[in-house]
Amino acid sequence: MKRPPKHAPARIDSTAGLRLFQRMMAAAVVRPLDGDDNLQKTWIDGRPMGEVAAEFIKPNDRLTSFERLELYNKMYWYRLFDAIRDDCPGLQAALGEDAFTRLAQAYLAACPSRSFTLRNLCSRLEAFIRANPRLTAPRTALAVEIARFEWAQTVAFDGEALPVVSAASLARTPPARLRLGLQPYVTLLELRHPVDTYVMSVKRRDAMRSEASNTPDSKVVHRRTARRASLPRPARTFVAVHRLDNRLFYKRLEPGAFRILDALARGATLARAVAAAGPRVKPAQVQAWFTTWMALGWFCARGNKRRPRAS
Amino acid sequence: MPANRFNGNTDYGIGIGLRVPHYSHILSKKPVVDWFEIISENFMVEGGRPLELLDRILEQYRVVQHGVSMYFGSADKPDRTHMRRLKNLVKRTKTPWLSDHLCWGSVDGTYTHDLLPMPYTFASARRTAEKIKQVRDFVEVPICVENVSSYAEFHASEMTEWEFLSEVVELADCGILLDVNNIYVSSKNHSFNPYDYVDNIPHHRVGQMHVAGHTKFEKYILDTHDHPVLDPVWKLYAHATRVCGVSATLLEWDDKIPSFDEVHNEALKANEFIDGAKKAVV
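Residues numbered from 1 in each chain as written. Chains lettered and ligands numbered in written order. Predicted model: local features only at pLDDT ≥ 70, side-chain atom pairs only at ≥ 80, totals over all residues.

*Asks:* Give me the lowdown on the interface of chain A and chain B, citing residues and values where you can.
*Replies:* Between chain A and chain B, the contact holds 47 residues from the first and 37 residues from the second. Of all elements in the fold, only α1 (15–29), α3 (65–87) and α7 (140–158) of chain A reach the threshold of two or more residues within the side of chain A that touches chain B. With ten residues, α1(A) is the largest single contributor of residues to the side of chain A that touches chain B. Looking at the side of chain A that touches chain B residue by residue, the classes come out as 24 nonpolar, ten polar and 13 charged. (Contact = placed C-beta atoms within 7 Å. Helix = DSSP H or I, 4+ residues; strand = E, 2+ residues; numbered from the N terminus. Nonpolar A, V, L, I, M, F, W, Y, C, P; charged D, E, K, R; others polar.)

*Asks:* Give me the sheet that holds strand β8 (residues 175–179) of chain B: which residues, what numbers.
*Replies:* Pairing between sheet strands relies on hydrogen bonds along the backbone, with the strands arranged either parallel or antiparallel. All names here are of chain B. Read once around its circumference, the closed barrel built from eight strands follows the order β1-β2-β3-β4-β7-β8-β9-β12, with strand pairing classed as parallel. On average, each strand axis in the sheet is tilted by 30° relative to the strand beside it, whichever way the strands run. As defined by bridge partners, strand β7 (residues 143–146) adjoins β8 across three bridges and the pair is classed as parallel. Residue pairing for β8: E146 is matched across the bridge by L177. (Pairing = 2+ DSSP bridges. Axes fitted to C-alpha atoms, helices over the stretch in contact; angles between N-to-C directions.)

*Asks:* Report on the domain arrangement of chain A, specifying residues and quantitative values.
*Replies:* For chain A, the assigned domains read domain 1 (1–86), domain 2 (88–158 + 196–231) and domain 3 (162–194 + 236–311). Considered class by class, the residues forming the side of domain 1 of chain A that touches domain 2 of chain A number seven nonpolar, no polar and one charged. (Domains from an automatic or database assignment.)

*Asks:* Describe in detail the sheet that holds strand β3 (residues 237–244) of chain A, supporting the description with residues and values.
*Replies:* Residues and elements named next belong to chain A. Taken together, the three strands give an open sheet; going across it, the order is β2-β3-β4, and neighbouring strands pair in antiparallel fashion. Each edge of the open sheet carries a strand with a single partner, namely β2 (187–191) and β4 (247–252). When the angles between neighbouring strand axes are averaged without regard to direction, this sheet yields 25°. Of the pairings in the sheet, the one linking β2 to β3 comprises five bridges and is antiparallel in character.

*Asks:* Any details on the pairing of β8(B)? Residues and values, ideally.
*Replies:* Residue and element names in this part refer to chain B. Of all the five residues making up β8, five are buried; the element is thus mostly covered by neighbouring parts of the structure. Here β8 shows a buried face lined by G175, L177 and D179 and a second buried face lined by I176 and L178. Pairing of β8 with strand β9 (residues 206–212) involves four bridges; the strand directions are parallel. Bridging from a neighbouring strand, I176 pairs with V206 of β9. (Buried ≥ 20, exposed ≤ 12 C-beta atoms within 10 Å, placed from the backbone.)

*Asks:* Before we move on, can you summarise helix α3 (residues 80–93) of chain B with the specific residues and values?
*Replies:* Residues and elements named next belong to chain B. An ideal rise of 1.5 Å per residue puts 20 Å on 14 residues; α3 measures up with 20 Å between its terminal C-alpha atoms. All of the buried residues along α3 are H82, L86, L89 and T93. Viewed end-on, α3 has its buried residues packed into an arc of 60°, placing them on one side of the element. Of the residues in α3, the exposed ones pointing more than 90 degrees away from the buried face are R80, T81 and K91. The inward-facing, buried residues of α3 contact α2 (49–58), β3 (63–66) and α4 (122–139). (Expected span 1.5 Å × (residues − 1). Arc of directions from axis to C-beta.)

*Asks:* Talk me through the environment of F21(A); I want residue IDs and the actual numbers.
*Replies:* Mapping F21(A) onto the fold places it in helix α1. Judged by C-beta crowding, with 27 C-beta atoms within 10 Å, F21(A) ranks as buried. Sequence spacing of F21(A) and R280(A) is 259 residues, and the spatial spacing of their C-alpha atoms is 66 Å. Not counting residues within four places of it along the chain, the set of residues in contact with F21(A) comprises A8(A), P9(A), I12(A), F56(A), P119(B) and A156(B).

Now the structure itself:
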């Protein structure tokens, strides 16, 4: 969003005037709350916020201009915090409530939503955590991996599914020339922590808490206790996040299997991808993997969309 | 106006919003419901469970699309990618009309995910009407715009909210989704008579109505959609059906959602007022 004007326009008699007005109001609405979760008392240019709000918002007999603006400011942050918490239960549990809130506020302030849907709210979270490691220290490496894993779930939930490549069409092309695409909803992850089991355990705990309590404060209790799930110990983990029959699954992969899929996803021919598995992997094992992947419908024709590297 | 060109000349009756906690009940029990309103954005996805579920609903029910992010009132141009996705969904659902809000919520491509009130000026009305026409021409179905509830008014405004709504829909030649709960909420927040609002809009353009619950606070009312409809809103709805005619009506219940039957029964209360309006016409 471009920098707001110094003052909201007194008259709106053109689209340009409307845009200036909307920049002013939007900048105020998305501005981070203060330490007490209220609208900040000072505007970006140092003027009192009440004075700025009064320039464009009418007071009424019950609320000042500041208070009316504050309603929208609070609703914005509560809505986005709820959305990011819903999408990132594992990250919240790993960091704890206070650190997660600081991270979420910094992320949303730096990377406001550029999408019509809140579904995409966390699409830039992994990159933000990498670029701002102090916000998640000393658990930055783990936080990056959980953010990747949780975003992969969003992709797997409603990502595009392309027509599956048939076994017959595979057989028609020699392995030295055959290139396969991986379904857009499948994400391959090479991780240093088993975050799949960790996030699942957090979700199970949350589900149990939700079953056990329907008191109005149950959400608060749940957030305070969410951190109790044991943090995962480092262990090299290869996992594919995908869906089957429109349900989410996490499939652990052997290192060799991961290398084959990763190579295919990056455009290697089938022959080169299989070679990437390494000499210790037996042909029968490779064949068994492919049988499973074909049954899961993971392969599609190679399209123009470039996939990011898995690791 | 039971059926008019703004709702695709349909007479849909009383519907409820399609919400996640009710999916299992709807798919297993197949309750009789006149129609479901879906939030378009929830199904503007590439694949997966949302579209599978929608297809199963479409096999048995009539569905109308309701949007929350077109932001007709934003100064930004309509996003063509967004419109293409919307049109694809329209082809899938065969919605006879679609609705979105008379508001703004994004600027320079940044989204607030809120339904922010407009400054009620003639220039804003012209810009908003232009965008409604562009979207309607692209998606090729009638559009009804919904009045939003609001908590702020602006010095720049040159007219009342109902004058602004009337100006926009006349310029765009589109329909109105009249949310009587939103009128009531805003009337309390801005101290106007909600009946003045209902009486002074172009009644023949009303293609659909919304009712919902709200929450009263000491100094304002919030449009929370987490309660049954309150009596003053039903009374206003009864008045609206008398002056506008009986229109497709939908109950919005989006938070603290009770059982399917409770939501549906609450919606069906509208029949009491519809019957009254019909008798008044006879």
